[in-house]
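# Structure at a glance
Chain by chain, the residues run as shown.
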Amino acid sequence: MKTSFLNLFFILTATLLRLMPAYSGEAEYIKISGFTQGTTYHITYQNTVHRSLQQEVEQRLQLIDQIFSTYNPQSLVSRINNSAVPVTIVPMMEQLLKKCFEVNHETQGAFDITVGPLVEAWGFGKSQQTQPLARQVDSLLKIVGMEKIHLKKRVLTKADSRIKLDFNAIAQGYTVDFLSQYFDSLGITNYLIEVGGELYAKGVNASGQPWRIGVEAPVDNNQLQGEQIQKIIVVTNKAVSTSGNYRRFYVRDGVKYAHTINPHTGYPARNTLLSVTIVAPNCTDADAYATACMVMGLEKAIQFVKSKPQLAAYFIFGKLGNEYGEYTTDNFKKLIVE
Ligand code: AMP
Ligand code: MG
């Protein structure tokens, strides 16, 4: 009797031990972080692969840099920008360019990666803060517009050699998606990938709960005396991206110039929107749409997000004096926990 009980005990223990590694709740969550694209990245993931993925992640970040960085003179985009002749591009750029054409069309030109020369002229590129004259803006507008670039069988042709592409409004979101595909390919089902504030949250956090994301909109001192608005949202299998004019801007003669350019006017977008947060199924879309909404202004942006049920949005806008207002879509309200 005694022995058979003991046997049963051993059999049960051995079975349980064998089953345990298969129970994914057991693998710990680990964090990796570093610098990329002039900003930081942070990744938390359930370590079902039992190793740090930092090296593999950084290799992929370098690859993105070699293709899309306007700050890297050797990158593919820099070669295109300096070229007077057609350039053959890599499949990753082809994929993102197609997305850019699509978003440009959907947003009626509010999102436009050919704003490069304007971004430079207004001092938000590599050069110092500058103030172009009205006639300079007018002449630069002639080389802005996505209809002035053509892609055929991975060969990119510019209608004018001075045309310059700027992927910065979408590259971080694309990077998040690129990394998340890598994590998916390794079978990791619980992770949070964030690059420069744009993120994708998959599965659950270490407590087995949906990821909690702080949507912070620190508004610059001039306008709102340093007020901080914060909302906590819970997301799973969704991307979150915020665009704002509170981080990259300068004030000249009492006028605020921010880094989102209205491709129709050639001037930095001037409307009441202070920040736009978009929740979307993927981060490339979230990033591109957030920038586009900043250009559109409050009314058009509300209409735009209402026309896309897959998006949830949160807008902060300035009102007279130091007041601010908020607009949240119904599906965004459902995500708010605090
Ligand atoms: P984001 O922080 O994602 O809103 O991206 C802003 C950056 O995108 C700017 O710093 C510019 O480099 C670039 N950009 C500015 N205006 C536009 C625009 N209308 N469409 C696409 N990219 C833009
Ligand atoms: Mg963006």
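Preceding this section is the structure that the text describes.
Residues numbered from 1 in each chain as written. Chains lettered and ligands numbered in written order. Predicted model: local features only at pLDDT ≥ 70, side-chain atom pairs only at ≥ 80, totals over all residues. Heavy atoms only, no water.

### Quick look at helix H4 (residues 91–106)
In a regular helix each residue adds 1.5 Å, so 16 residues correspond to 22 Å; H4 covers 23 Å between its end C-alpha atoms and thus fits that length. Listing the buried residues of H4 in full gives Met92, Met93, Glu94, Leu96, Leu97, Lys99, Cys100, Val103 and Asn104. Summarising the contacts, the buried residues of H4 are in contact with helix H2 (54–68), helix H3 (76–81), strand S4 (149–152), strand S5 (155–158), helix H7 (171–185) and helix H9 (283–296). (Helix = DSSP H or I, 4+ residues; strand = E, 2+ residues; numbered from the N terminus. Expected span 1.5 Å × (residues − 1). Buried < 20%, exposed > 50% of the residue type's maximum accessible area, 1.4 Å probe, protein only. Contact = heavy atoms within 4.5 Å.)

### Concerning the coordination of the magnesium ion (ligand 2)
Surrounding the magnesium ion (ligand 2) are the protein donor atoms Ala169 (O), Asp287 (O), Asp287 (OD) and Thr291 (OG1), at 2.0 to 2.4 Å. Positions of the donor residues of the magnesium ion (ligand 2) along the chain correspond to the pattern A-x117-D-x3-T. Placement of the pair is Ala169 in the loop between S5 and H7 and Asp287 in helix H9, with a sequence separation of 118 residues. An identical accessibility class is assigned to Ala169 and Asp287; each is buried. (Donors = N, O, S within 2.8 Å, 3.2 Å for Na, K, Ca; no water.)

### Side note on the packing of aromatic side chains
For the coordinates displayed, the defined rule picks out 15 aromatic pairs. Relative to Phe183, the ring of Tyr45 lies with its centre 5.2 Å away and its plane at 75 degrees, an arrangement referred to as edge-to-face. Pair noted here: Tyr45 is in strand S2 (residues 39–46) and Phe183 is in helix H7, with a separation of 138 residues, a long-range link. Among the aromatic residues, those joined into a cluster by ring pairs are Tyr45, Tyr182, Phe183, Tyr191 and Tyr200. Here Arg60 stacks its cationic end above the ring of Tyr182, 3.7 Å away from the centre of that ring. (Phe/Tyr/Trp six-rings, centres within 6.5 Å; stacked < 30°, edge-to-face > 60°. Lys NZ or Arg CZ within 6 Å of the ring centre and 35° of its normal.)

### Some details on the sheet that holds S4
With antiparallel pairing, three strands are arranged side by side in an open sheet as S3-S5-S4. Each having just a single partner strand, strand S3 (87–88) and S4 make up the two edges of the open sheet. Two elements, S4 and S5, share four bridges in a ladder whose sense is antiparallel. Considered in S5, the bridge of Ile149 is made with Lys158. (Pairing = 2+ DSSP bridges.)

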